[in-house]
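Chain residues, written in single-letter form:
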Amino acid sequence: FIGTGDRDGGSLWGIGGGQSNDNNGIGILKSIDGGVSWSNTGLSFTPSQKVTINEIIINPTNGDEMLAATSSGIYKSTDGGNNWSLKSQLWANYVDMDFKPNNPSVVYASTSGGLGTYIFKSTDSGENWIEVLGIPGRRIQLAVSSNDPNIVYALAANTSRGLKGIYKSTNSGSSFSVV
């Protein structure tokens, strides 16, 4: 599986080129021959929809269950990517996503945006999401480790694209504090 669009590539618009969103994707593609050829999955967009696929994660205990963090929300597939359903659109630009080690029914997702950044948590394999942290900033990236599955780290960038802070949860993402 490959997500199309480039969330970090930038746009010529950002450097005065006048072409906003010149890095849009067409959805998620799938290869069954080692990348020689690619076909569309059930999650497809047109470039004019201005959507990027920012991350795809596959349930380690059920390869047919997948989640996609996109610039238009979180999508879920339970049939290996053939069909997708929108599960969260509260904050449109989801950029990072991780399963809790040893418990893929718990999932963490983070956003980017100029007005604020957020971390969301799901305890039912991505069906429903709750906000667990919201801070002013530009972007949040997440990290988890199987060495201690209850710890979640979040690296947050400020609105100037510098370091806002490093946040840590010791209770599986239910709450965070600044490190």
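Before reading further, recall that the structure is shown in the block above.
Residues numbered from 1 in each chain as written. Predicted model: local features only at pLDDT ≥ 70, side-chain atom pairs only at ≥ 80, totals over all residues. Heavy atoms only, no water.

### Here's the deal with the pattern of salt bridges
The cut-off we apply is this: The term salt bridge refers to a pairing of a side-chain nitrogen on Lys or Arg with a carboxyl oxygen on Asp or Glu at a separation within 4 Å. Each helix is a run of H or I in the DSSP string that is no shorter than four residues. Each strand is a run of E no shorter than two, and both are numbered from the N terminus.
The final tally for this structure, using the stated rule, is two salt bridges. The salt bridge partner of Glu-127 is Lys-76, with a shortest N-O separation of 2.9 Å. Residue Glu-127 is found in the loop between strand S10 (117-122) and strand S11 (130-135), and its partner Lys-76 is found in strand S6 (residues 73-77); the two are separated by 51 residues along the sequence. A salt bridge links Lys-87 to Glu-127; the shortest N-O distance between them is 2.8 Å.

### Quick look at a nonpolar patch on the surface
Put simply, the test is: Like-charged residues within 9 Å of one another, or nonpolar side chains (Val, Leu, Ile, Met, Phe, Trp, Tyr) within 5 Å, are grouped into patches, provided each residue has over 30% relative accessible area and no salt bridge. Only the protein chains shown count as cover for residues, with accessible areas throughout obtained via the Shrake-Rupley method and a probe of 1.4 Å.
Side chains of Tyr-153, Leu-155, Leu-163, Ile-166 and Val-179 sit close together on the surface and give an oily, nonpolar patch of about 480 Å² of accessible area. Sorting the residues of the nonpolar patch by element identifies strand S13 (152-157) and strand S14 (163-169) as the ones contributing at least two each. Secondary-structure assignment places Tyr-153 in strand S13.

### Some words on the sheet that holds strand S1 (residues 2-3)
The condition that has to hold: Paired strands, in this sense, are two strands between which DSSP finds at least two bridges.
In spatial order, the strands read S1-S2-S3; together these three strands make up an open sheet with antiparallel pairing. Across the chains shown, the open sheet's two edge strands, defined by having one partner strand only, are S1 and strand S3 (39-44). Bridge count for S1 against strand S2 (residues 27-30) is two bridges, and the pairing is antiparallel. Note that in S2 the partner of Gly-3 across the bridge is Ile-28.

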